[in-house]
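# Report on the structure
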Amino acid sequence: MTAAESLARSAGRSTRWSAVAQIVRNFSQIGFQLLLVFFMVPEQYGAVALLSAFTMFMAVFRGLGFNTLVIIHNEVAVDADPAEENARWSALFWVNLTACGLVGLAVAGASDWIAGFFALPDLRWAAIVLGGVFWVQCSGLVHMAILERRFQFRTIAILETGACLVAGLVGVGLLFHVDGLTAFLAFQAVLGGGSSLAGILAARWWPAAPDIGSIKRIDRGFSGDLLVFNFFSFLSRNVDKLMIGRLQGAADLGIYGLAYRLMTLPSQLISTAIDRVALPMYARQIGRPADLARSVLLAHQNVTFLSIPVMGLAFVGIGDGLLVLGLDAWGELAPLVRIFAPIGVLQAIGTLTGSVLMVTRRTRLMRGLGFYNTAIYVGSILAGLPWGLTGVTISYSVGFTVLILAPTLWLCLRPMGVSTLRYLRALAPLWSAGLLAVAVAEVVVSAIGVEAGWTRLAVSGAAFLIGYLIVGWIVAGPVVRRIVALDFFDANQTSGDRP
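Residues numbered from 1 in each chain as written. Predicted model: local features only at pLDDT ≥ 70, side-chain atom pairs only at ≥ 80, totals over all residues. Heavy atoms only, no water.

Along the protein chain, the regular secondary structure elements total 21 helices and zero strands. In terms of overall dimensions, the protein chain is globule-like: its C-alpha atoms have a radius of gyration of 23 Å, near the 23 Å expected for 499 residues. Considering only C-alpha atoms, the protein chain reaches an extent of 70 × 60 × 40 Å along its principal axes. In the protein chain, which comprises 499 residues, the share counted as buried stands at 55%. Accessible area for the protein chain stands at about 20600 Å²; split by element, carbon and sulfur atoms hold 67% of it. Between the averaged position of the 34 positive side-chain charges in the protein chain and that of its 27 negative side-chain charges there is a distance of 7 Å. (Helix = DSSP H or I, 4+ residues; strand = E, 2+ residues; numbered from the N terminus. Rg over C-alpha atoms; globule rule 2.2 N^0.38 Å. Buried < 20%, exposed > 50% of the residue type's maximum accessible area, 1.4 Å probe, protein only. Areas by Shrake-Rupley, 256 points an atom, 1.4 Å probe, with all protein chains shown as cover. Lys, Arg positive; Asp, Glu negative; His and termini not counted. Charge placed at Lys NZ, Arg CZ, Asp CG, Glu CD.)

Here is the structure:
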């Protein structure tokens, strides 16, 4: 077995474990938030959406890129000096812990302003709680990065799955005794804190005492660029919700926030799992541009093939799904989800570009893209606001696809020698299969003429999935066979299905 085959096989196994952890983690989070729908009216759910936005804001400062530096430093050199490595990791640990503590204090201190700005008094104590638990959630960041660097994704999966189970039990149990906001906070605290503390024990690494010399040698340019990019990335992901919450009220925010949450399912369930493994894999391929380009294209094929069914089912089933669940108050959700469905797949693809730019040390480009993307999002939302939620959704989707994703992919892939034509040839068959499958589902439902409800939901979903697999097998057989066999990075390295 060659080194390339061994790396691909290891990455394939790690991707399966990473996928398990990511699916369990996100299904528990999304499932819990969907469960809140039955305990809250849209106005109350809007408060949870705002709280989630502030949680994401704090995450901007969690790590400052230090976890990435742990993973990719020296291209994962096998002959690294253990003492030098420990000193570097320890410096990253202490700086990160200090920075996260300051962020947590700042959020807790701003609790009165947060509650007053959004006119939601409950956000006052919620912000204080978030600031308090943030420090604990950050404490295991470097330890988890060490596990990823070592490709110990099975251990990570076990730890994160266990934390999800405990958090789910705590959150659901509290739902029947306290209000939904309190249960949500408890769920997030147990989920983040539990996995972080478990990671510290699993890594079997303890930081050395703070050393000023090692701290000064931290790559501040890399970390600074990522901090700026993460900050603007947070703004671009949340400026729409912040503006809707401020200008149109919590009810519209609750509906739009849930539609947006469903749109991000592929990014959270699929992209993150694959990209998490891809980063240390790319770091080992820096000296082999052809192998790196091939791995990147394989990752994009994996994400596209697996994301299309998620958003395709949402597109064909959202109307009947709301009906059978009796969620009449959420009727405006269906058209927004249908608009967002293809964007969910595209956003999952766009998520993959960050790891390539980081591993090739093009973080300055990332910083510029962060500023540019935010400006496009703000302009898109302002353009759509006069037409309500539908206008915002359409404007957001067009701005992301045409003005953000297309140029970002070109900037990311072109220096690797991946032409636009090669990229389109790798992904176009999968998109064709998805679009045809949606058409098949619509035709089958119309031909059968079943009434709205469980039956039509099941028929449309089954028709879409069967149509997708059949058409996909015809137009992209090698890709489909590889992914169905869970061979995400082509461990056999055969030439017949090179992307």
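What follows deals with the pattern of salt bridges. Throughout the structure, instances matching the rule amount to four salt bridges. When the shortest N-O distance is used, the salt bridge between Arg 276 and Glu 160 registers 3.0 Å. Taken as a pair, Arg 276 in helix H13 (residues 265–283) and Glu 160 in helix H8 (residues 153–175) lie far apart in primary sequence, 116 residues in all. Using a relative accessible area of 15% as the deciding quantity, one classes Arg 276 as buried. (Salt bridge = Lys/Arg side-chain N within 4 Å of Asp/Glu carboxyl O.)

Counting 143 residues, the largest nonpolar core has Leu 333 and Phe 489 as its most contacted members. When residues of this core are assigned to their parent elements, the largest contribution, 14 residues, is made by helix H14 (residues 289–324). Dropping the residues within four chain positions of it, Leu 333 is found in contact with Ile 255, Leu 258, Ala 259, Leu 262, Ile 318 and Leu 322. (Core = buried A, V, L, I, M, F, W, Y, C linked by side-chain atoms within 4.5 Å. Contact = heavy atoms within 4.5 Å.)

Turning our eyes to something else, we now look at the packing of aromatic side chains. All told, the structure shown has 14 aromatic pairs when counted by the stated rule. Geometrically, the ring pair formed by Phe 93 and Trp 94 is edge-to-face, given 4.9 Å between the ring centres and 80° between the ring planes. Between Tyr 260 and Tyr 396, the ring centres sit 5.9 Å apart and the planes meet at 80°, which makes this aromatic pair edge-to-face. Placement of Tyr 260 in helix H12 (residues 250–263) and of Tyr 396 in helix H18 (residues 388–413) is noted, with a sequence separation of 136 residues between them. The exposure class assigned to Tyr 260 is buried, which follows from its relative accessible area of 7%. You can call Tyr 396 buried: its relative accessible area is 1%. (Phe/Tyr/Trp six-rings, centres within 6.5 Å; stacked < 30°, edge-to-face > 60°.)

Moving on, we get to the packing of H14 against helix H15 (residues 333–351). The relative placement of two packed helices is expressed as an angle between their axes plus a distance between the axes. It is at 8 Å that the axes of H14 and H15 come closest, and there the two elements cross at 175°. Here H14 lies roughly antiparallel to H15, going by the angle between them. For the pair H14 and H15, contact is made by His 300, Val 303, Thr 304, Ser 307, Ile 308, Met 311, Ala 314, Phe 315, Ile 318, Gly 319 and Leu 322 and by Leu 333, Ala 334, Val 337, Arg 338, Phe 340, Ala 341, Gly 344, Val 345, Ala 348 and Ile 349, respectively. Here the contact of H14 with H15 is composed, by residue class, of 15 nonpolar, five polar and one charged. (Axes fitted to C-alpha atoms, helices over the stretch in contact; angles between N-to-C directions. Parallel < 35°, antiparallel > 145°, perpendicular 65-115°, else oblique. Nonpolar A, V, L, I, M, F, W, Y, C, P; charged D, E, K, R; others polar.)

With 19 residues, H13 should cover 27 Å at 1.5 Å per step; its first-to-last C-alpha distance of 27 Å lies within 8% of that length. Roughly 40° is the biggest bend found in H13, and it falls at Ser 271. Across the 19 residues that make up H13, a large majority, 18, are buried. (Expected span 1.5 Å × (residues − 1). Bend = angle between axes of the 7 residues up to and from the residue.)

Turning to unusual backbone geometry, a few remarks are in order. The backbone of Phe 151 sits at a positive phi, close to 60°, despite the residue not being glycine. When you line up the elements, Phe 151 lands in the loop between helix H7 (141–149) and H8. Here Arg 204, not a glycine, exhibits a phi torsion of approximately 55°, which is positive. Inspection of the secondary structure puts Arg 204 in the loop between helix H9 (180–203) and helix H10 (212–216).

Function cannot be inferred from these measures alone, as they are strictly geometric.
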